[in-house]
Amino acid sequence: MHFVVCVKQVPDSSEVRVDPETNTLIREGVPSIINPYDAHAVEEAVRLKEKYGGKVTVISMGPPQAEEVIRKSIQFGADEGILLSDRKFAGSDTLATSYVLTQGIKKLAEREPFDLIFCGKQAIDGDTAQVGPGIAARLKIPQLTYVLNIEEINVEEKTIKLHRKLEGMREVISAKLPALLTVVQDLNELRYAPLPNMIRAARYRPQVWTTENIEVEDDKIGLNGSPTAVRKIFAPPEREGGEIIPGGQENPEETARKLVERLLKEEIIADK
Amino acid sequence: MAVKVIKKNCIGCGLCVQTCPFEALQLVEGIVEVDPDKCTNCGDCVEVCPASALELNEPPEKMSDNEVKEVEKREKIVKKIKRELEDYRGVWVFLEQFRGEIAPVSFELLGEGRKLADNLQTKLCGVLLGSGVEKLAEQALWYGADKVYLMDDPVLKDYRTETYAAGLVRLSQKYKPEIILMGATTMGRDLSGAVATELETGLTADCTELSIDESSGYLFQTRPAFGGNIMATIVCRHHRPQMATVRPRVMAMPEKDTGRTGEVVKENLGITEENVLVKVVDVIKEKKAATYLDKAEIIVAGGKGVGNKENFKILKELADLLGGTIGASRAAVEAGWIGQEYQVGQTGVTVRPKVYFAFGISGAIQHLVGMQTSDVIVAVNTAPDAPIFKVATYGIVGDLLQVVPAMTKAFKEKMGV
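Everything quoted here is computed from the prediction, not taken from an experiment.

Novice: Just to check I follow, could you spell out the pattern of salt bridges for this structure?
Specialist: Pairing between side chains becomes possible if they bear opposite charge and their charged atoms approach one another. Residues and elements named next belong to chain A. The tally for this structure, following the rule as stated, stands at 42 salt bridges over all chains. We note a salt bridge from glutamate 67 to arginine 71, for which the minimum N-O separation is 3.0 Å. Residue glutamate 67 and its partner arginine 71 are both found in helix H2 (residues 67-76); the two are separated by four residues, about one turn of the helix. Here glutamate 67 and arginine 71 have matching classes, each one buried.

This is the structure:
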């Protein structure tokens, strides 16, 4: 079995802010991490490799420093990593990104055909959840999103049985391979990387593929290949703050009573 | 004759590159560069630049005949793209249904879509896919649609990306809508990504605001990014349809008018079951309270300040008394005090209850984006400068372990329970 996992380097989103004066992103000092959902995708692929045998290849599109997430994936137990990196990819939106990743996967498949592609359910910087479905649509393979549990893979018949997480329910699915899965965090627990993986990861240099190595059309990549454009960015509007009922520390009981009286009097909570 | 770049101001955002109708701009080493042979000094880029890094050159007194021809040629190309885009008319809402019941978010989107369609002076259409769902079509009309496109086929009984995407793509290619809206539910997010890729068009996820730009007629799609720390307005200029998803309860539910009628247009899917690669084996209901969290009218939520698992009982007591539901911040979930299905916020559920009680929740932006459209927010926190107080309708600075039991007691007395 050949498992391919798409990973993304993201800024730790809790640290990103807008400069209120210039309305531009403040990126300085924001640490980069592997997208948390992608980490679970790598973990799952490695677990399946342990169970069914095979190989795990991770693939990422990003600037040269994104090779850090590939090293992280090697720590988790991936065998190989490819970084799609070219200035011409810069500014790609989700449509262009899924195109570049698909072309990378196609090139990889010439060497070693894949059985399963994994993605995180979404990336925490954009939260779009679009690139996984985009790749599946382009490769014309089944797309199974929000995967919660993989019950079994039938290696001979090339089928998979799994559970998808829906609102308040789970869906049991069977599908033909190859397929693309996007995963939620509940799928597995990340394990501590064993020492040999850490050492291998530290020394690992991923292959870097540019527009020279993969077949891409210029008008489908980067800003030119991106139908969506950011028109403006701004700090989120703040909701108007209301009233602090004083005395919460000195006399909590009385203050609580005052609050309850207000809620009932203004019919915010109805006294039935 | 080309625009001037003020290099020290350029932040390399690329906005101008995308805006330029003549593809005269590109980013080189993160700084914009102008191709003077292509630039017409039209000023579009100057207008969008957020960093004042571009300015217009004074136009020369007279253009040479060749220059005039060149400008006219490029304008023709741009006009051709714009003409093609004009073939796309109408606002569509994908009507998400599960086992014969339309998801409320679809009605919310009909309400929002109605405003957009009126603004564009075009029709609002619902798109309904399923098996034995014809009778649901009238509901879309009641909530504001002028027309419903219906694909009713046994193959569409269960939602599967493969069949639903094929159906929607087929309808879209035939009828060319200008805008397609879907709920940002698991189904909507699964479907929209596949459909936008097939149609090679732009898609904006989780919009919190939609409007039509007066000058261009483009759909302005505003959404939070970077975990809600930033709002971004997205446009899709040269591709149609313009696609967007919106989370449930972000838009208001429109009034229902059972007197409204309209046209139902039936179309065939043209896919047989043998050719579908995915089968739904079973659907299992999860018996957990989270099913109701997003529908609750009163939510009693706890955060880090609750302190431990045991103390959540104090919140539960109040919730039970008021007929509400328990919720939690990410901090409380990560501490293991309560299950992830109770989490409110960017990575959890978005809620819009009548009353949201935030106890011991500091109000990180990731939490606020999931609850700040609540009608009334009541916050109790020990830190007077906690951000939650900035959004709270009523706040008490104090220890929730003292205040909450006192509130429960007061409610019981006043309500005579």
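From this point, things continue past the structure.
Novice: Looking at this structure, how should I read the sheet that holds strand E10 (residues 159-166) of chain A?
Specialist: In sheet architecture, strand pairing relies on hydrogen bonds along the backbone and comes in two forms, parallel and antiparallel. Spatial ordering of the open sheet is given by E13(A)-E7(A)-E6(A)-E1(A)-E8(A)-E12(A)-E9(A)-E10(A)-E11(A)-E17(B), a layout of ten strands whose pairing is mixed. The sheet terminates laterally at strand E13 (207-209) of chain A together with strand E17 (278-285) of chain B, the two strands that pair on one side only. Shown here is a sheet whose adjacent strand axes are inclined to one another by a mean of 30°, direction ignored. Bridge count for strand E11 (residues 169-176) of chain A against E17(B) is seven bridges, and the pairing is antiparallel. Note that in E17(B) the partner of Ile173(A) across the bridge is Val280(B). Along the sheet face, helix H7 (residues 186-199) of chain B touches strand E9 (143-154) and E10 of chain A and points at about 95° away from the line of E9(A).

Novice: How do you make sense of the domain arrangement of chain A when you look at a structure like this?
Specialist: Often the size quoted for an interface is simply the accessible area lost on bringing the parts together. Domain assignment breaks chain A into domain 1 (2-220) and domain 2 (239-272). Using only C-alpha atoms to locate each centre, domain 1 of chain A and domain 2 of chain A end up separated by 49 Å.

Novice: Sorry if this is basic, but what is going on with the sheet that holds strand E16 (residues 263-266) of chain B here?
Specialist: Residues and elements named next belong to chain B. On the basis of which strands lie adjacent, the open sheet formed by seven strands has the order E11-E15-E10-E5-E8-E9-E16 and parallel pairing. The open sheet is flanked by strand E11 (203-207) and E16, the only strands paired with a single partner. On average, each strand axis in the sheet is inclined to that of its neighbour by 25°, with strand direction left out of account. Of the pairings in the sheet, the one linking strand E10 (residues 179-183) to strand E15 (residues 242-246) comprises five bridges and is parallel in character. Paired with leucine 181 across the strands is alanine 244, a residue of E15. Packing against the sheet, helix H6 (residues 161-175) makes contact with strand E5 (91-95), strand E8 (124-130), strand E9 (147-152), E10 and E16, and its axis sits at approximately 150° to E8.

Novice: Would you mind going over the interface of chain B and chain A with me for this structure?
Specialist: Contacts between the two partners involve 94 residues from chain B, matched on the other side by 88 residues from chain A. For the pair chain B and chain A, the summed buried surface comes to about 7,800 Å²; carbon and sulfur atoms form 58% of the total. Scanning the region where chain B abuts chain A turns up 25 residue pairs in polar contact (both at pLDDT 80 or more). In terms of residue count, the dominant contributor to the side of chain B that touches chain A is helix H13 (residues 400-415) of chain B (ten residues). In the side of chain B that touches chain A, the residues fall into 47 nonpolar, 29 polar and 18 charged. Where strand E14 (residues 228-234) of chain A lies against strand E14 (residues 230-236) of chain B, six bridges are found, and the strand directions are antiparallel. Within E14(B), the residue paired with Ile233(A) across the bridge is Ala232(B).

Thresholds, definitions, all that
Residues numbered from 1 in each chain as written. Chains lettered and ligands numbered in written order. Predicted model: local features only at pLDDT ≥ 70, side-chain atom pairs only at ≥ 80, totals over all residues. Heavy atoms only, no water. Salt bridge = Lys/Arg side-chain N within 4 Å of Asp/Glu carboxyl O. Helix = DSSP H or I, 4+ residues; strand = E, 2+ residues; numbered from the N terminus. Buried < 20%, exposed > 50% of the residue type's maximum accessible area, 1.4 Å probe, protein only. Pairing = 2+ DSSP bridges. Axes fitted to C-alpha atoms, helices over the stretch in contact; angles between N-to-C directions. Contact = heavy atoms within 4.5 Å. Domains from an automatic or database assignment. Buried area = accessible area lost by both parts, 1.4 Å probe. Polar contact = N/O pair within 3.5 Å; in protein donor to acceptor, adjacent residues only side chain to side chain. Nonpolar A, V, L, I, M, F, W, Y, C, P; charged D, E, K, R; others polar.

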